Every structure is written in C-alpha cells, then in structure tokens.
Amino acid sequence: MNPTRSCVACRKKNNKKDLYRIAIDKDGKAIYDVNQKLSLRAIYICKDKTCLNNIKKCIEKNKFKSKMYIETDSFLKLIDELEIEVGE
Ligand SMILES: [Zn+2]
C-alpha cells in the first residue's frame, strides 16, 4: 500500500508521491524535498494551484497553524517556487 499524507491546505489524504513534501530544518527553514528523502520533519501539500494559493494567503495573514515553527520568508519563497513548478 502507498503511504498517504494529509495536505496542509485542504486536509485531504493523498499518496505521498502525489504531494509536495516541504521539509523543515532545525532553524525552521522550509526546504523543498524533491525526493522526499530528507530526514527532517515535514509537511505536505497537494500539487495544486488552489492549495498552494490558500496556504500562501494563510502564511501572509499569519494564520498558518503548525506544531512546528516555520520561518515565514523561506516558506513563502518555497510556495512561490512550487506555484511555478505546478504551472497553470
Ligand atoms: Zn490540498
């Protein structure tokens, strides 16, 4: 069975490989974990423009809730990169 994770935006469960993995390092920096192999704590988000957009709005309004500290600048920059990657 494929491992599943919940998207931080829409909360839907999805196959790990169908989600973007965002690893968070010890300083709270967000890292795009392309190969999903970094041994860091991580959050997952759908490869979907709507979810990326919703998360971006949450971060900008300081409404993103997570048990982990995530540094805002690196998080926003990463979401921008993912938005480009996911395309239109
Ligand atoms: Zn989602």
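Please read these numbers as outputs of a predicted model, since none were measured by experiment. (Residues numbered from 1 in each chain as written. Predicted model: local features only at pLDDT ≥ 70, side-chain atom pairs only at ≥ 80, totals over all residues. Heavy atoms only, no water.)

*Asks:* Would you mind showing me how to read the pairing of strand S3 (residues 19–24) here?
*Replies:* Working note: regular strand, side chains alternate between the two faces of the sheet. Within S3, six of the six residues are buried, leaving the element largely enclosed by the surrounding structure. Burial of the side chains of S3 extends over both faces: Leu19, Arg21 and Ala23 are buried on one face and Tyr20, Ile22 and Ile24 on the other. In this structure, S3 lies alongside strand S5 (residues 41–46), joined through six bridges in antiparallel fashion. When the sheet's bridge partners are listed, Ala23 is paired in S5 with Ala42. The pairing of S3 with strand S4 (residues 30–32) spans three bridges and is antiparallel. In the strand pairing of S4, Ile24 is matched with Ala30. The antiparallel pairing of S3 with S4 creates a hairpin that spans five residues between the two strands, and Gly28 there sits at a positive phi of about 90°. (Buried < 20%, exposed > 50% of the residue type's maximum accessible area, 1.4 Å probe, protein only. Helix = DSSP H or I, 4+ residues; strand = E, 2+ residues; numbered from the N terminus. Pairing = 2+ DSSP bridges.)

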